[in-house]
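Chain and residue survey
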2 protein chains.
Amino acid sequence: MNVHTPTQTSETLMANALRVLAMDAVQTANSGHPGAPMGLADVATVLFNRFLKIDPSDPSWPDRDRFVLSAGHASMLVYAIHHLLGYDDMDTGQLKAFRQLGARTAGHPEYGHAKGIETTTGPLGQGIATAVGMALAERMQNARFGDDLVDHFTYVLAGDGCLMEGISHEAIDMAGHLGLGRLIVFWDDNRITIDGPTNLSTSMDQTKRFEAAGWQVLSVDGHDAEAIARSIAAARTDTGRPTMIACRTVIGQGAPTMAGSHKVHGAPLGAEEIAAARNALAWTAPAFETPAPIREAWEDVAVRGAAARKSWETRKETHPLKQAFDSSLKAPDAGALAAAIATHKEKLSAEAPKLATRKASELALEVVGATLPNAVGGSADLTGSNNTWTSGMRAVSRKNYGGNYLHYGIREHGMAAAMNGIALHGGFFAYGGTFLAFADYCRPAIRLSALMGLPVAYVMTHDSIGLGEDGPTHQPVETLASLRAMPNLTVIRPADAVETAEAWEIAATSRTAPTVLCLSRQGLPTLRTDHTLENRTRRGAYLLKETDGDRHVTLIATGSEVEIALAAADLLAVNGIKAAIVSAPSFELFARQDPAYRAAVLGTAPRVGVEAAVRQGWVALIGADGAFVGMTGFGASAPASDLYEHFGITPAAVAAAAKALI
Amino acid sequence: MNVHTPTQTSETLMANALRVLAMDAVQTANSGHPGAPMGLADVATVLFNRFLKIDPSDPSWPDRDRFVLSAGHASMLVYAIHHLLGYDDMDTGQLKAFRQLGARTAGHPEYGHAKGIETTTGPLGQGIATAVGMALAERMQNARFGDDLVDHFTYVLAGDGCLMEGISHEAIDMAGHLGLGRLIVFWDDNRITIDGPTNLSTSMDQTKRFEAAGWQVLSVDGHDAEAIARSIAAARTDTGRPTMIACRTVIGQGAPTMAGSHKVHGAPLGAEEIAAARNALAWTAPAFETPAPIREAWEDVAVRGAAARKSWETRKETHPLKQAFDSSLKAPDAGALAAAIATHKEKLSAEAPKLATRKASELALEVVGATLPNAVGGSADLTGSNNTWTSGMRAVSRKNYGGNYLHYGIREHGMAAAMNGIALHGGFFAYGGTFLAFADYCRPAIRLSALMGLPVAYVMTHDSIGLGEDGPTHQPVETLASLRAMPNLTVIRPADAVETAEAWEIAATSRTAPTVLCLSRQGLPTLRTDHTLENRTRRGAYLLKETDGDRHVTLIATGSEVEIALAAADLLAVNGIKAAIVSAPSFELFARQDPAYRAAVLGTAPRVGVEAAVRQGWVALIGADGAFVGMTGFGASAPASDLYEHFGITPAAVAAAAKALI
């Protein structure tokens, strides 16, 4: 796309149109953040007007540039731009309904609410870290399909908050290391945070910091359009390094008395200041109206974008890789995967190996990877422990974007956000590993996976005190409950290699929810020795072992504790007590089953739950009168078998709990 | 204390003693991390032998230097040192029982397990961030009591993992900004992580990075004792800036064939390599035995430390601030606080203001602050929203360590870890604020507060969809459940200003557990208009409104939803249905009450729970047959009152749920 060089005057007016819409919408909502949109209006205008390659008539066109508003509280900036660009879902009514129930103009940009919102932002730092995944996906896709099909930039507007958050460190280190030259971050250097001037809390030399991470850094007056344009051009030219453009701006630029103060950050300016701002900007149009010449200038941007998109479509039509490219963006072939997993399960059931489920996960990933060539794996520096690397994988590096494995480093948070970015970009199925206890380190990004409904897969191994000697800091006890509490997240804790294979089928074919696989460190026997074509894990819970005649008790367990429940049933059998065994790998999936199925699985006999974790959440399965054998506090450092004895999670304890109930 | 200058030869032997103990203990345990202790042995020997001011016979002496092993997997390093220094709880038996059940020698250093362990480490980056709080507390205490009583350093051994984690960014920015010149961090630059060489995942120029944050950076051969000593001396001299000493080391130094490889990171060396290492080091003593001259050299360190401690005791005896100093380290005067809170409550009950509980929290903090002069507040850049600043507070800065308020910046994780460090250091009661939804951003540090039992207080405001327009990223729905799942954490969600005052009394007098206060953005009426001396919140749940005669239903609610439950009771009364109201500010405190009390509160009538959050955890209160009015998914962006209507958390909905039950 040719770069357009407008007169500065027209861009000033285009930017002022954004300022006025932002302050009017915030005032109408009586809530919101006018300061950042007003301060960033000039940067955004130059970026959109001269560089950004998007087509409002086809907002999800694959080769578009990605624009991420990491400073999500500046949402009115993007809504105002989309309105002026003519997005068909962003009419004046939406701006007037800013932050109101049912409007697309949510307080922070929400992925899926309005066209062209590339990711949900608001929790600070997530945008820049997600953008790293997008920029990485662009290069990985480019390595596979070439410049004619994949050739776009990822632009990020980030504030001081984004750069103070720890996740930004993980993100910029990763981007610098991977040489993501098409990632361009604008830092809104307005020297104001909510508490006051930034020098209340930071003395960071951001230029030096980004240079330390291998970035190009440019500095610019954020209200000088020509200087901004020169910086962006220079950033695009340096394709070997990501670029940070430090934009010195005045927060609330245009508000005559309040600009430059933290007072414009998070509250309406008030009628008086708005009137004064209109005066100062010589702006006579009524609220929510934009003079025709300015509207037309913005509409020109859309016209150019549509032309670029059409030219790309034309190139693609005759491209030899057209079919492969289109197919990489589609849902995986669920039928083929189901067949491959079924074959794999049959072999497992026949051979009945004793395997840690993390090892079983590796075996399942071999099957997934063979069927879904666009799977991209990785681990936060626990590759050998998470068993995330399968045969034939190659590491992604700045020299080889054609690889399919990411050494994410000791950066769980950056990994999870990058996985979100890869999923949002399209073209890949991303999974990444760490220890389950360190889910906490990436929880804010997992929450965004769930909120956006992104089908990424978290491989969380060492899922209990079964981790052993590393001790309580590394042993999850509350982590399962805390993940199950999160809406739209599928947590699966498989009991053996067969359930693990089924879990991977679920994770790899999910379209609207992320999956967390919770996997054991320790070896576990194959329990599903009778092969079934049906993916029983998809039911969430099922009768693993029925009784002859009526059951006296039902033992419900997950993961490594199903083996314990089975052993307890044997102990009970000695006393003539008939115990049915329910394996319950996923509470969320079970909750979705019809009541009749649920009732049949749970039965009417007393129930005992077994899980090496806290009880919270279990009452849904065992009822208020059920017994629970698990953890009540943190773990300890010792060999796994000693810990199970010490904390009383044993067949004998389960049998005793059952006897006490019946 | 005078700095001791030994011969290098003797220090090499002292270091080799650590290497041998580490490799033998890991081998005996058949699990653990020999590489880092062996690589860091020289740095640690020089530090302890020549500089560190500690007294093994009085390990918690207030003016000791703090030593933090941020690379917690190198735990055998500190156990070996303590053994050789003669800590009376670290005999050979403990080393032989490394990583075994009941031993003090846990896989990672656990605070409280063995003397001299200043903080629990293992989750990477926590140590360095906690140390920032310790170093800050030292300066704050120094500003109050002077050099004669407070004059110590905080030393940290950090690995690549610590510096890759995002929390390290927050920590080093904070330390540089606050000019913590007595914080000295050794970076174990061994260029190896679990996955392989560090250049698989990072290209960070750490020197430049730390300089960008305002640190002095020195580089040294980590096996050259004199060079290490010169660096430490230079670090101690620069009192205006924290210092990072980049120590180029070889992981597993001393292991002849495996040193320098990731194979020595996390597994025993094996008998053969250990024998070869003994040979190479000319080490003839049997496993777990240290030749007498080397033991004596280590014991000299302890002797010097004891002398330093005695000299400090002597100074303190005649110091004019002796009493104030001692008192600052003691438990708060619970009686005085109880009296002050009672007076405050009486006034609130009489005046019955309508207040957001975050505002009520500010009022309670005025009372707490007046009674506990060593309270140190702060917020992660949400001071005005968290209401954490009370009258007369002064900001802490590098120019004024005498202040008592911390602008933590947009760094929730760094804040929480620093609060842990302040609590561990002693002398202060630390509280800090953010939005409840951002508890996820600091969850790994909250987990360490709970695991260590540190009495810090988290002020988490905007605790539900009542936050309104900022939308789902800022609205906690699963956060309450996820925090309640964590062992040893007291979560309190008060319903009005009176409960908020009671909650603060609990938080400020806690000795062994952290507290999370979950506070509303929106105004709430005073419900406790009948003054009681008793702190009813301490019961966890209580009958706020009884019925005349037997109840037909019990409505149980927390926080802002108690008002809704009361309104529902009025609706039910119209139909002649008698509803008792239970306010349940803390599930954990209620769980600790005796069964008779619990049964009396819950009653035998059907129960309805009301909370603008997910149901998980509520069955403990409402039973399996109870109804629940709350959230089932993420929130939305709209004014709070619209959201409560939209999600059906209304008096009418509660009344309908009650009617359906009875």
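Structural data are supplied above this passage.
First, a word on what this report is: a plain description of the structure on this page. (Residues numbered from 1 in each chain as written. Chains lettered and ligands numbered in written order. Predicted model: local features only at pLDDT ≥ 70, side-chain atom pairs only at ≥ 80, totals over all residues. Heavy atoms only, no water.)

Looking only at helices and strands, chain A has 25 helices and 20 strands in total. For 662 residues, the compact-globule estimate of 2.2 N^0.38 gives 26 Å, and chain A sits close to it at 27 Å. Based on the C-alpha atoms only, the size of chain A along its principal axes is roughly 90 × 55 × 45 Å. Split into buried and exposed, the 662 residues of chain A put 69% on the buried side. Here the contacts in chain A between residues at least 6 apart in sequence split such that 79% fall between residues at least 24 apart. For chain A, the exposed surface amounts to about 20100 Å²; the carbon and sulfur share of it is 51%. Put simply, chain A has 56 plus and 68 minus side-chain charges, and the middle of one group is 2 Å from the middle of the other. (Helix = DSSP H or I, 4+ residues; strand = E, 2+ residues; numbered from the N terminus. Rg over C-alpha atoms; globule rule 2.2 N^0.38 Å. Buried < 20%, exposed > 50% of the residue type's maximum accessible area, 1.4 Å probe, protein only. Contact = heavy atoms within 4.5 Å. Areas by Shrake-Rupley, 256 points an atom, 1.4 Å probe, with all protein chains shown as cover. Lys, Arg positive; Asp, Glu negative; His and termini not counted. Charge placed at Lys NZ, Arg CZ, Asp CG, Glu CD.)

Moving on: the side chain of H33(A). Relative to the elements of secondary structure, H33(A) occurs in the loop between α1 (8-29) and α2 (35-51). Among the residues examined, H33(A) registers a relative accessible area of 11% and is labelled buried. Those residues in contact with H33(A), other than ones at most four positions away along the chain, are V26(A), H73(A), R99(A), H265(A), G266(A) and D470(B).

So, about the packing of aromatic side chains. Residue and element names in this part refer to chain A. Tallied over the entire structure, the rule returns 30 aromatic pairs over all chains. Relative to F325, the ring of F145 lies with its centre 5.3 Å away and its plane at 90°, an arrangement referred to as edge-to-face. On the criterion of sequence distance, the pair formed by F145 in helix α5 (residues 126-145) and F325 in helix α12 (residues 322-328) is long-range, its members being 180 residues apart. Taken individually, F145 and F325 each receive the classification buried, so the pair is uniform in this respect. Through a chain of ring-to-ring contacts, three or more aromatic side chains come together here, namely W61, F145, W312 and F325. The positively charged end of R182 is found above the aromatic ring belonging to F153, 4.8 Å away from the centroid. (Phe/Tyr/Trp six-rings, centres within 6.5 Å; stacked < 30°, edge-to-face > 60°. Lys NZ or Arg CZ within 6 Å of the ring centre and 35° of its normal.)

What follows is about the nonpolar core. Ranked by size, the top nonpolar core spans 121 residues in total, and within it L555(A), V608(A) and L183(B) carry the most contacts. At 9 residues, helix α5 (residues 126-145) of chain B tops the list of elements feeding residues into this core. The residues touching L183(B), leaving out its near neighbours within four places in the chain, are A131(B), V132(B), A135(B), T154(B), V156(B), A175(B), W215(B), P242(B) and T243(B). Membership of the second largest hydrophobic core comes to 119 residues, among which are A158(A), A246(A), A430(A) and V477(B). (Core = buried A, V, L, I, M, F, W, Y, C linked by side-chain atoms within 4.5 Å.)

Turning to the relation of the copies chain B and chain A, a few remarks are in order. Rotating chain B by 180° about the axis while translating it 0.0 Å along that axis superimposes it on chain A, leaving an RMSD of 0.0 Å. What we have between these two chains is a two-fold relation. (Least-squares fit on C-alpha atoms with pLDDT ≥ 70 in both.)

Listed as interface residues are 93 residues of chain B and, on the opposing side, 92 residues of chain A. In this assembly, chain B packs against chain A so that about 7800 Å² is buried in total across both faces, 58% of it on carbon and sulfur atoms. In this structure, the salt-bridge partner of K208(B) is E211(A), at a minimum N-O distance of 3.3 Å. Between chain B and chain A we count 56 residue pairs in polar contact (both at pLDDT 80 or more) in total. Of all the elements in the fold, those that place two or more residues in the side of chain B that touches chain A are α6 (160-164), α7 (166-177), α8 (206-212), α15 (383-386), α16 (412-425), α17 (439-452), α18 (479-484) and α24 (640-646) of chain B. Top contributing element to the side of chain B that touches chain A by residue count: α17(B), with 8 residues. Among the residues making up the side of chain B that touches chain A, the classes are represented as 35 nonpolar, 36 polar and 22 charged. (Buried area = accessible area lost by both parts, 1.4 Å probe. Salt bridge = Lys/Arg side-chain N within 4 Å of Asp/Glu carboxyl O. Polar contact = N/O pair within 3.5 Å; in protein donor to acceptor, adjacent residues only side chain to side chain. Nonpolar A, V, L, I, M, F, W, Y, C, P; charged D, E, K, R; others polar.)

What follows covers the packing of helix α20 (residues 561-574) of chain A against helix α25 (residues 651-661) of chain A. Residues and elements named next belong to chain A. Where α20 meets α25, the closest approach of the two axes is 8 Å, and the angle between their N-to-C directions is 60°. Taken together, α20 and α25 sit at an angle that is classed as oblique. The crossing of α20 and α25 is right-handed. For the pair formed by α20 and α25, the contact residues are I564, A567, A568, L571 and L572 on the first element and P651, A652, V654, A655, A658 and K659 on the second. Each residue belonging to the contact of α20 with α25 can be placed in one class, and the counts come to 10 nonpolar, no polar and 1 charged. (Axes fitted to C-alpha atoms, helices over the stretch in contact; angles between N-to-C directions. Parallel < 35°, antiparallel > 145°, perpendicular 65-115°, else oblique. Left-handed = near helix turned anticlockwise from the far one by under 90°.)

Residues and elements named next belong to chain A. Pairing is parallel in the open sheet, where 6 strands are placed in the order β10-β9-β11-β12-β14-β13. In this open sheet, the two strands that pair with only one neighbour each are β10 (405-407) and β13 (490-492). With strand direction ignored, the average angle separating the axes of adjacent strands in the sheet is 20°. Across 5 bridges, the pairing between strand β11 (residues 429-435) and strand β12 (residues 457-461) is parallel. (Pairing = 2+ DSSP bridges.)

For G122(A), the position within the fold is in the loop between α4 (92-96) and α5. With 53 residues separating them along the chain, G122(A) and L69(A) place their C-alpha atoms 8.8 Å apart.

Glancing now at unusual backbone geometry. All names here are of chain B. If you check the backbone angles, F288 has positive phi at about 70° while not being a glycine. Considering the arrangement of structural elements, one finds F288 in the loop between α10 (271-280) and α11 (292-317). Despite not being glycine, N387 has its phi angle at roughly 55°, a positive value. Looking at the element boundaries, N387 is found in the loop between α15 and β10 (405-407). A relative accessible area of 10% places N387 in the buried class.

Under the criterion given, the structure shown has 66 salt bridges over all chains. Residue E502(B) pairs with R528(B) through a salt bridge whose shortest N-O separation is 2.6 Å. With a gap of 26 residues between them, E502(B) in helix α19 (residues 497-509) and R528(B) in the loop between β15 (523-524) and β16 (542-545) connect regions that are remote in the sequence. Looking at R528(B), the relative accessible area reads 4%, which means it is buried. Here the salt bridges share partners, and the residues they tie into one network are D463(A), R484(A), R493(A), E561(A) and E611(A).

By themselves, these are just geometric observations and shouldn't be taken as functional.
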